[in-house]
Amino acid sequence: MWSINEPSLRPWTTDPIVPDEILYEFNGPLTFTASFGPFDALFHHIGRRENSNFYAVVQSNEQTVEALQSGALSIRGALSSRTIWIVDLDLEFAVQRYWICDQDDFPEKLMPARNVPLYASMEQAPDSLEEANAYFSIAFRGERLANKSIPFNLLKSLIDDSYEAARRLLSPAFMAGAKSATFDFPARAIPGSLILALDEPRINDALLRRRTAESPLSVEDAQASFIEQRDLFFQETAELVAKANSGQLSDSLAEERFALLDNLQQIIPSDQNRIESVVFSAREGDSVLSVAVNERAGTTMHRAFKRIEKKAVTDVGRVEIVNSPSKTFVYRSSRGKQVTCYVSPEAFQTLEESGKLQIGALVRVKGHLTKRPQRDQMAAEGQPDITVPPRTSRG
């Protein structure tokens, strides 16, 4: 690990460092760009000692600086480089000495905190451009998730859980339970980390037509629905995390977001697993959506989910079977499971007479859910809210 007591190198120039662009300052430049030998570099202030200011310096480029300024990249992410120079500048910005440091040897205490953006007005930012530029990404952090190696069993379980969770979290209701032949996300793991980056889903047009025969959708319409579902995920998850961080996550909100919490259980941190934090990010036009779940928030969300499991909860999905003789119907939950829904004979008759209770209809139901290995059961309270998607012309 680098220490100031290690032998340093002599200045490569007698000229002072001249900032090209000051990105952040407080009693002097704290983060700025400048020429650094033969290349452009990002300087970030990491300490002060008498007449010296110490900066972490990395080779940078216009894309990184723009991402940092727009909030699409954290300060830590902008400093992520295999080689970090530690430069001692005097009060006139002349180089007094410097060190060359490998990223693995750079002290963690000198690195900016994770997901902290350049400006305080921005809430949080991804720690890598791979996260920022993805259609959807999941970044795990933890003591056992080191840059150099990850235990194989942990790697496998997180990838498997992330695959299942991403499909459920990002699928519109009409795609609930669809197999990978119908749609799938091209994915890649970022080397030296546990970051899973997904591209936009690839949708099989023929299988989509078959699945939405009652209310036909084009591939373009389906893609737009995936984006809407992704945006809804960030909106609802951000609210859950904010409430959890402030100690105000109510059972009523947890009950309303039951399906979302269920889908998140295996991939968010808690005091019972080996994940310290997880960050969800997505590129949306010129901006980036990002939600970070730390151990405190994750533990609160886990406990809220456990509390409400035996209470009346709200579930959503797509009707797959209507069984008139038994006055029940089966829907595919956004949680991925099939659910047999029991309603009162009067409510069932009302639904049938309305013409809404049909295969492919979208359902939102509140009641007592019993989880089972094959098919869950829902005892509805009152009448489920059922919506038949409008028929659309295929372009």
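Now for a look at the structure at hand. (Residues numbered from 1 in each chain as written. Predicted model: local features only at pLDDT ≥ 70, side-chain atom pairs only at ≥ 80, totals over all residues. Heavy atoms only, no water.)

### Points about the overall build of the chain
Item 1. Within the chain, the regular secondary structure consists of ten helices and 19 strands.
Item 2. With respect to the three principal axes, the spread of C-alpha positions in the chain is 90 × 45 × 40 Å.
Item 3. Expressed as a percentage of its 395 residues, the buried residues of the chain come to 50%.
Item 4. Long-range pairs, those at least 24 residues apart, make up 62% of the contacts in the chain between residues at least 6 apart in sequence. (Helix = DSSP H or I, 4+ residues; strand = E, 2+ residues; numbered from the N terminus. Buried < 20%, exposed > 50% of the residue type's maximum accessible area, 1.4 Å probe, protein only. Contact = heavy atoms within 4.5 Å.)

### Section: helix H4 (residues 152-170)
Item 1. The end-to-end C-alpha distance of H4, which contains 19 residues, comes to 27 Å, matching closely the 27 Å that a straight helix rising 1.5 Å per residue would cover.
Item 2. Those residues of H4 not exposed but buried are Leu154, Leu158, Ser162, Ala165, Ala166, Arg167, Leu169 and Leu170.
Item 3. Where H4 is buried, its residues touch strand E7 (136-141), strand E8 (183-184), strand E10 (194-198), helix H6 (219-245) and helix H8 (258-264). (Expected span 1.5 Å × (residues − 1).)

### Things to note about the sheet that holds strand E3 (residues 39-49)
Item 1. The antiparallel open sheet is built from six strands, whose spatial order is E1-E2-E3-E4-E5-E6. Unpaired on one side and paired on the other, strand E1 (19-25) and strand E6 (95-102) mark the two borders of the sheet. Strand after strand, the sheet turns through a mean of 25° between neighbouring axes, direction not considered.
Item 2. Judged from the five bridges that link them, E1 and strand E2 (residues 29-36) form a sheet pairing that is antiparallel. Paired with Ile22 across the strands is Phe32, a residue of E2.
Item 3. On the sheet, helix H1 (residues 62-70) packs against E1, E2 and E3 and is oriented at approximately 25° with respect to E1. (Pairing = 2+ DSSP bridges. Axes fitted to C-alpha atoms, helices over the stretch in contact; angles between N-to-C directions.)

### Notes on the nonpolar core
Item 1. Core analysis: the largest hydrophobic core is formed by 67 residues, its most contacted members being Phe136, Leu264, Phe280, Val293, Met301 and Phe329.
Item 2. In terms of residue count, H6 provides more of this core than any other element does, eight residues in total.
Item 3. Dropping the residues within four chain positions of it, Val293 is found in contact with Val241, Ile268, Pro269, Glu276, Ser277, Val278, Phe280, Gly298 and Met301.
Item 4. In this structure, Ile46, Leu73, Ala78 and Phe106 belong to the second largest nonpolar core, which totals 25 residues. (Core = buried A, V, L, I, M, F, W, Y, C linked by side-chain atoms within 4.5 Å.)

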